[in-house]
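What follows is the residue order along each chain.
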Protein chains: 2
Amino acid sequence: MDKYRIAIVGSGIVGQELARILEQRNFPIASLRLYSTESAAGAIVSVARQSYPVNALGHTAEQNVFRETDSVFFTESENTSRHWVPQAVQAGATVIDSSSLWRLEPDVPLVVPEVNAADIEFHRGIISSPGCSTILLNTVLFPLHKRNPVQRVILSTYQSASGLGQPAMSELVFQTQQILAGESPRPNLFPHEIGFNVLPQVDVFLDNGYTKEEWQLLEETRKILHNNDILVSATCVRVPILKGHCQAITVEFKNEITPEIAGDILAEAPGVRLMDDPSVGFYPHPRIAAGTDLVMVGRIRQENFNLNGLVLWVVADNIRKGAALNMVQIAEEINKKGWLKTKGQR
Amino acid sequence: MDKYRIAIVGSGIVGQELARILEQRNFPIASLRLYSTESAAGAIVSVARQSYPVNALGHTAEQNVFRETDSVFFTESENTSRHWVPQAVQAGATVIDSSSLWRLEPDVPLVVPEVNAADIEFHRGIISSPGCSTILLNTVLFPLHKRNPVQRVILSTYQSASGLGQPAMSELVFQTQQILAGESPRPNLFPHEIGFNVLPQVDVFLDNGYTKEEWQLLEETRKILHNNDILVSATCVRVPILKGHCQAITVEFKNEITPEIAGDILAEAPGVRLMDDPSVGFYPHPRIAAGTDLVMVGRIRQENFNLNGLVLWVVADNIRKGAALNMVQIAEEINKKGWLKTKGQR
């Protein structure tokens, strides 16, 4: 079996989780190097079986840095991806990028492996991993959509601090401690206080009143499902929890559907865990989703007075399936097809 | 001006807030007595200008306890209301009840004063105050509905621990401290851990998969708006905050509507505060809503691809407008009409 020379750009929460998942899933690694434009060189990241020094990635052009690399996972900011992804591609590496930069580019596959792994085929060096909210939504939507076309989705999210990275988690913890001590926190990474608070803002606002996070749920879903007729309207909200994203989703289908049929479909769906016996308190919530790989779904019920409508409650670990795991799954799909070792073949 | 002999049943967070609001709004009080079936007699509740001893309300029949009372506010459990409200009515007092017991009874007005104060007229001793989520929703919905009939509402809530009372707030604080100290909390009042967690359950589940809290949003809204055609589908969710409830609301109207028109209507609407300039971070959130009287609304935008649809973000103090303030406003309306002093007149 081929083994691959892997690089991860970003030593934050997603980068670390990536290294951990590559180990956990026994990805065939020849070498694994961690880079960061943000951390000081010399930092050490320890995952389950190994420790990795973090190599500083300067902002000057060093075209050869990825020369000896088969695949690079980018997990830092759009700025980092904008500067370094083209260099990695030029050096012949296959890039899996979590930034939103290329997600809607026609020649860049945007992939949730359970949904559209086949799209990887048309990649020209970059495969994009969708936003965390998009990944959760589409993992659950797709198996239903295959059987009964989805026409309209209205959703509200409950997103954890970790979606903004480790410093945001620290800010939530610190603010919480301050409030418990009777002090008044001062927001830094969040637009307002996040400790014991709820903020209806994730990412920046667009002219139409939606945030970028809300709007990309529409555009990314259409690209992933290959369907430009689906209507998606989202309200994305930050809640004061550390890990796990939740979604309250109302879906209108083309034809009639029942909660029983949807439950049967989702019980068999890849990447999904059905947890739906609310009368005994059996439904997903972030505390039990953190650290797990599946997108949990429960509270499936008929939308009041709408035989074509369902309401669902979806929860997953936003750092794993919402980011790092989805990227590793993309790499696994590429590896299955033997497309990862593309050096000199493009 | 007439002055009234007032009793409050319940010395918890809503009962205390009621006493405070009656003082703040200079309600014409001849006497104010606090009762509780839960607290030990002899407890003292202090509000802004005064302290009140709490009188124990035994579970045995004491028909004369409300004999010298003009109006009784019930803020305890359904069990307390079931036992004591009929006795208060029989003693000739006018009851304002916050339990869900009589909310849907045809001869009991269910009142949000900004919406349907006139309904008070048909009361026969009991006026019900709606659930906190219903009050928030209808205060915002009604001014829009008057101009352009509301046909369908899909909403998700973000509800604070205080909706379950002071002990639930203490449980959230204690669990948060435990988690910060690396300990594992054990849930008591909540069905699962609430510290740094999100729970898609408020109240008990019905056979149709909705919770009672979700279902009553439909039935109470229809009664308050005098319209049995309105469709309401809700997902009610508990979030780890102390005070304030939020709602992400999608509304379909009979005719086309724009965010600008809705904003103009809501800017003038009684009980509503428009806070809608998201580009500078100006939108409602629980931290700024706590302790205030108005239902705040912001993030008003067109639903994607639906000229008859709007999306709104609504926040209010669930203990004030969501409970105690609404009850005082009902009493004020009754007082305006001179209906409070009804002893011997029914």
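Residues numbered from 1 in each chain as written. Chains lettered and ligands numbered in written order. Predicted model: local features only at pLDDT ≥ 70, side-chain atom pairs only at ≥ 80, totals over all residues.

Visitor: Any chance you could explain the interface of chain A and chain B here in plain terms?
Guide: A common way to report how large an interface is uses the accessible area buried once the components associate. Each side of the interface is counted separately: chain A has 47 residues, and chain B has 47 residues. Mapped by element, the contributors of at least two residues to the side of chain A that touches chain B are strand E8 (150-158), helix H5 (166-180), strand E9 (231-235), strand E10 (245-253), helix H8 (286-289), strand E12 (295-302) and strand E13 (309-316) of chain A. Looking at the side of chain A that touches chain B, its residues break down into 28 nonpolar, 14 polar and 5 charged. (Contact = placed C-beta atoms within 7 Å. Helix = DSSP H or I, 4+ residues; strand = E, 2+ residues; numbered from the N terminus. Nonpolar A, V, L, I, M, F, W, Y, C, P; charged D, E, K, R; others polar.)

Visitor: Which parts of the structure should I look at to understand helix H4 (residues 132-147) of chain B?
Guide: All names here are of chain B. Compared with an ideal rise of 1.5 Å per residue, which puts 16 residues at 22 Å, H4 spans 24 Å between its outermost C-alpha atoms and is within 8% of the ideal. Its maximal kink placed at Leu141, H4 deviates by approximately 35°, while the proline Pro143 follows within four residues. Counted residue by residue, H4 has 13 buried out of 16 residues, so it is predominantly covered. (Expected span 1.5 Å × (residues − 1). Bend = angle between axes of the 7 residues up to and from the residue. Buried ≥ 20, exposed ≤ 12 C-beta atoms within 10 Å, placed from the backbone.)

Visitor: Would you mind going over the packing of helix H1 (residues 13-24) of chain B against helix H9 (residues 320-336) of chain B with me for this structure?
Guide: Residue and element names in this part refer to chain B. For the pair H1 and H9, the least separation of the axes is 9 Å and the interaxial angle reads 50°. Classified by the angle between their axes, H1 and H9 sit oblique to one another. Where H1 crosses over H9, the handedness of that crossing is right-handed. From H1, Val14, Glu17, Leu18, Ile21 and Leu22 reach across to H9, where they touch Arg320, Ala323, Ala324, Leu325, Met327 and Val328. For the contact of H1 with H9, the residue count by class is 9 nonpolar, no polar and 2 charged. (Axes fitted to C-alpha atoms, helices over the stretch in contact; angles between N-to-C directions. Parallel < 35°, antiparallel > 145°, perpendicular 65-115°, else oblique. Left-handed = near helix turned anticlockwise from the far one by under 90°.)

Visitor: Sorry, what's going on with the environment of A:Phe142 here?
Guide: Of note, A:Phe142 is situated in helix H4 (residues 132-147). Placed 111 residues apart in sequence, A:Phe142 and A:Phe253 show a C-alpha to C-alpha distance of 12 Å.

Visitor: What am I meant to see in the domain arrangement of chain A here?
Guide: Residue and element names in this part refer to chain A. Assigned domains of chain A: these are domain 1 (4-130 + 324-336) and domain 2 (134-318). Of note, the centres of domain 1 and domain 2, computed from C-alpha atoms alone, are 25 Å apart. Tallying contributions element by element places helix H3 (residues 113-116) first for the side of domain 1 that touches domain 2, with 3 residues. Split into classes, the residues belonging to the side of domain 1 that touches domain 2 amount to 7 nonpolar, 4 polar and 2 charged. (Domains from an automatic or database assignment.)

Visitor: I keep staring at the sheet that holds strand E8 (residues 150-158) of chain B and nothing clicks. Help me out?
Guide: Backbone hydrogen bonds hold the strands of a sheet together, and the pairing may be parallel or antiparallel. All names here are of chain B. Ordered in space as E9-E8-E10-E13-E12-E11, the 6 strands form an open sheet in which the pairing is mixed. With partners counted over all chains shown, the strands left at the sheet margins are strand E9 (231-235) and strand E11 (272-274), one partner each. The mean angle between the axes of side-by-side strands here comes to 25°, regardless of whether they run parallel or antiparallel. When strand E12 (residues 295-303) meets strand E13 (residues 306-316), the two strands line up antiparallel, connected through 6 bridges. When the sheet's bridge partners are listed, Met296 is paired in E13 with Val315. (Pairing = 2+ DSSP bridges.)

Visitor: Is there a simple way to explain the nonpolar core in this structure?
Guide: Across soluble globular proteins, you tend to see nonpolar side chains buried next to one another. A:Val297, A:Val314, B:Val297 and B:Val314 are the most contacted members of the largest nonpolar core, which has 202 residues in total. Residues within four places of B:Val314 in sequence aside, it is in contact with B:Leu136, B:Val140, B:Cys246, B:Gln247, B:Ile249, B:Val295, B:Met296 and B:Val297. (Core = buried A, V, L, I, M, F, W, Y, C linked by C-beta atoms within 7 Å.)

Visitor: What should I look at first to understand the sheet that holds E12(A) in this one?
Guide: All names here are of chain A. Strand order in the open sheet formed by 6 strands is E9-E8-E10-E13-E12-E11, and the pairing between neighbours is mixed. For this open sheet the edge positions go to E9 and strand E11 (272-274), each flanked by a neighbour on one side alone. Adjacent strand axes in the sheet meet at a mean angle of 25° when their direction is disregarded. Pairing of E11 with E12 involves 3 bridges; the strand directions are parallel. Bridge pairing in E12 places Val272 opposite Val295. Along the sheet, H4 makes contact with E8, E10, E11, E12 and E13, crossing E10 at roughly 35°.

Visitor: Would you take a moment to explain the relation of the copies chain A and chain B for this structure?
Guide: One chain copy maps onto the other through a rotation about an axis and a shift parallel to that axis. The two copies are related by a screw operation: chain A maps onto chain B through 180° of rotation and 0.0 Å of translation along the axis, at an RMSD of 0.0 Å. Here the symmetry operator amounts to a two-fold rotation axis. A shared interface surface links the copies, since 100% of the contact residues of chain A are contact residues in chain B too. (Least-squares fit on C-alpha atoms with pLDDT ≥ 70 in both.)

Visitor: Explanation requested: the pairing of E10(A) in the structure shown.
Guide: Within a regular beta strand, the side chains point alternately toward one face of the sheet and then the other, so they alternate between its two faces. Residues and elements named next belong to chain A. The element E10 is largely enclosed, with a buried count of 8 among its 9 residues. Where E8 and E10 come together, 8 bridges link them in antiparallel fashion. Paired with Val150 across the bridge in E10 is Phe253. Across 8 bridges, E10 lies against E13 in antiparallel orientation. Along E13, the bridge assignment pairs Ile249 with Leu312.

Visitor: Sorry, what's going on with the environment of A:Ser81 here?
Guide: All names here are of chain A. With respect to the helices and strands, the residue Ser81 is situated in helix H2 (residues 78-90). Along the primary structure Ser81 and Val140 are separated by 59 residues, whereas in three dimensions their C-alpha atoms are 29 Å apart. Aside from chain neighbours lying at most four places away, what touches Ser81 is Phe74, Glu76, Asp97, Ser99 and Leu101.

Visitor: Sorry if this is basic, but what is going on with the pairing of E9(A) here?
Guide: Residue and element names in this part refer to chain A. Of all 5 residues that make up E9, 4 are buried, and the element is covered over most of its length. Two strands pair when backbone bridges link them, and E8 and E9 are joined in this way by 5 bridges, in the parallel orientation. Within the sheet, the bridge partner assigned to Ser156 lies in E9 and is Thr235.

Visitor: Just to check I follow, could you spell out the packing of H4(B) against helix H6 (residues 212-225) of chain B for this structure?
Guide: Any two packed helices are characterised by how steeply their axes cross, that is the angle between the axes, and by the distance between the axes. All names here are of chain B. Interhelical geometry of H4 versus H6 gives an angle of 40° and a closest axis separation of 10 Å. It follows that H4 is oblique to H6 by the angle criterion. Between H4 and H6 lies a crossing of right-handed hand. Counting all contacts with H4, which are made through Ser133, Thr134, Leu137, Asn138, Phe142 and His145, the residues of H6 involved are Glu213, Gln216, Leu217, Glu220, Thr221, Ile224 and Leu225. By residue class, the composition of the contact of H4 with H6 is 5 nonpolar, 6 polar and 2 charged.

Visitor: Any chance you could explain the confidence of the model for chain A here in plain terms?
Guide: In low-pLDDT regions, the fine details of the predicted coordinates are not to be read closely. Mean pLDDT over chain A works out to 93, with 95% of the residues at or above the 70 mark. Scored as a whole, the predicted complex attains pTM 0.96, and scored at its interfaces, ipTM 0.95. (pLDDT = per-residue confidence, 0-100.)

Visitor: For this particular structure, what's the right way to read the environment of A:Phe122?
Guide: Residues and elements named next belong to chain A. For Phe122, the location among the structural elements is in the loop between H3 and strand E7 (126-128). The exposure class of Phe122 is exposed, given the 11 C-beta atoms found within 10 Å. Placed 13 residues apart in sequence, Phe122 and Pro109 show a C-alpha to C-alpha distance of 6.8 Å. Residues contacting Phe122, with those up to four places away along its chain left out, are Asp107 and Pro109.

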